[in-house]
Amino acid sequence: MKNSGSTSDFIADRDRELHASFMHVLRTATDMPLRRMFGAAARRPASRFWVSETRAAIVISAMMRGCAPERMYRKRKEMYDELCRRVTEKMGLDPGLCLQHAVNEAVYEEAPEFYLTDESARSIIYRMRQRRRRMQELRRALDLKRKTKN
């Protein structure tokens, strides 16, 4: 079982990619209400499956043994189902391929979506926007401080 609240090294990359997806939706979907744009961004293709190879291997191994985790969010389950399908397909095509290698390959393939709820996507995007605003404010403050020293 995954530790509650654990984070991964790739979260910042996922968040940046999701924000870029949101900006694309914002530019192109002019007649869509803002509240629906978050979900639209989350349902756009992602560059990879945003889960660690280790965690994916643990869950997929359990799924293949018929011992899938009982409690799992719907979107997370959809992601693991898709990963399991891809891993099973890879191992069927190459019987010598071990589970870990098949999982590693599958995780880094393009994912059909981010597998986030609309609410999660909204929270991530707003958090990204707040961080960017804070960084801009800090840069302005530093620039102002430098100008007053000269």
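All figures in this text were calculated on a predicted structure; none of them were measured in a lab.

1. Structural notes on the packing of helix α3 (residues 53-64) against helix α5 (residues 99-107)
Part 1 of the argument: Close contact between α3 and α5 brings their axes to 9 Å; oriented N to C, the two are set at 120°. Considering the angle they form, α3 stands oblique to α5. Helix-helix and strand crossings are classified by hand; for α3 and α5 the assignment is right-handed. Contacts between α3 and α5 pair Glu 53, Ala 56, Ala 57, Ile 60, Ser 61 and Met 64 from the former with Leu 99, Gln 100, Val 103, Asn 104 and Val 107 from the latter.
Part 2 of the argument: Tallied by class, the residues present in the contact of α3 with α5 amount to seven nonpolar, three polar and one charged.

2. A closer look at the confidence of the model for the protein chain
Detailed reading of the predicted coordinates is not advisable wherever pLDDT falls low.
Part 1 of the argument: Summing up the model confidence of the protein chain, the mean pLDDT is 91 and the portion of residues at 70 or higher is 95%.
Part 2 of the argument: When pLDDT is averaged over each element of the protein chain, α5 comes out on top at 97 and helix α6 (residues 118-149) at the bottom at 88.

3. Brief notes about a nonpolar patch on the surface
Part 1 of the argument: A cluster of nonpolar side chains, namely Leu 26, Leu 34 and Tyr 126, defines an oily patch on the protein surface of about 230 Å² accessible area.
Part 2 of the argument: Locating Leu 34 in the fold gives a position in helix α2 (residues 34-42).
Part 3 of the argument: The partly exposed category is assigned to Leu 34, whose relative accessible area is 40%.

4. Regarding the nonpolar core
Part 1 of the argument: Within the largest apolar cluster, 37 residues are counted, with the highest numbers of intra-cluster contacts made by Leu 18, Val 51, Ala 56, Tyr 80 and Leu 83.
Part 2 of the argument: Counting only elements with at least two residues in this core, the list comes to α1 (11-28), α2, α3, α4 (74-93), α5 and α6.
Part 3 of the argument: The residues touching Tyr 80, leaving out its near neighbours within four places in the chain, are Val 51, Arg 55, Ala 56, Val 59, Met 63 and Met 72.

5. Focus on the pattern of salt bridges
In a structure, side chains of opposite charge can pair up when their charged atoms sit close to one another.
Part 1 of the argument: According to the stated counting rule, one finds 15 salt bridges in the structure shown.
Part 2 of the argument: Ionic pairing is found between Lys 75 and Glu 113, a salt bridge with its closest N-O pair at 2.9 Å. On the criterion of sequence distance, the pair formed by Lys 75 in helix α4 and Glu 113 in the loop between α5 and α6 is long-range, its members being 38 residues apart. The exposure classification of Lys 75 matches that of Glu 113, with both residues buried.
Part 3 of the argument: A salt bridge links Asp 81 to Lys 77; the shortest N-O distance between them is 3.0 Å. Residue Asp 81 and its partner Lys 77 are located together in helix α4, separated by four residues, close to a single helical turn.
Part 4 of the argument: Where salt bridges share partners, they join Glu 82, Arg 85, Arg 86, Glu 89, Lys 90, Glu 105 and Glu 109 into one cluster.

6. Focus: the packing of aromatic side chains
Part 1 of the argument: A full pass over the atoms with the stated rule returns four aromatic pairs.
Part 2 of the argument: Between Phe 22 and Phe 38, the aromatic rings sit 5.0 Å apart at their centres with planes inclined by 5°, giving stacked as the arrangement. On the criterion of sequence distance, the pair formed by Phe 22 in helix α1 and Phe 38 in helix α2 is long-range, its members being 16 residues apart. The pair formed by Phe 22 and Phe 38 is uniform in burial state, with each residue classed as buried.
Part 3 of the argument: Relative to Tyr 126, the ring of Phe 38 lies with its centre 5.4 Å away and its plane at 55°, an arrangement referred to as tilted. Of this pair, Phe 38 sits in helix α2 while Tyr 126 sits in helix α6, and the two are 88 residues apart along the sequence.
Part 4 of the argument: Cluster of aromatic residues (ring-pair linked, three or more members): Phe 22, Phe 38 and Tyr 126.

What counts as what
Residues numbered from 1 in each chain as written. Predicted model: local features only at pLDDT ≥ 70, side-chain atom pairs only at ≥ 80, totals over all residues. Heavy atoms only, no water. Axes fitted to C-alpha atoms, helices over the stretch in contact; angles between N-to-C directions. Helix = DSSP H or I, 4+ residues; strand = E, 2+ residues; numbered from the N terminus. Parallel < 35°, antiparallel > 145°, perpendicular 65-115°, else oblique. Left-handed = near helix turned anticlockwise from the far one by under 90°. Contact = heavy atoms within 4.5 Å. Nonpolar A, V, L, I, M, F, W, Y, C, P; charged D, E, K, R; others polar. pLDDT = per-residue confidence, 0-100. Patch = residues over 30% accessible without salt bridge, like charges linked within 9 Å, V, L, I, M, F, W, Y side chains within 5 Å. Areas by Shrake-Rupley, 256 points an atom, 1.4 Å probe, with all protein chains shown as cover. Salt bridge = Lys/Arg side-chain N within 4 Å of Asp/Glu carboxyl O. Buried < 20%, exposed > 50% of the residue type's maximum accessible area, 1.4 Å probe, protein only. Core = buried A, V, L, I, M, F, W, Y, C linked by side-chain atoms within 4.5 Å. Phe/Tyr/Trp six-rings, centres within 6.5 Å; stacked < 30°, edge-to-face > 60°.

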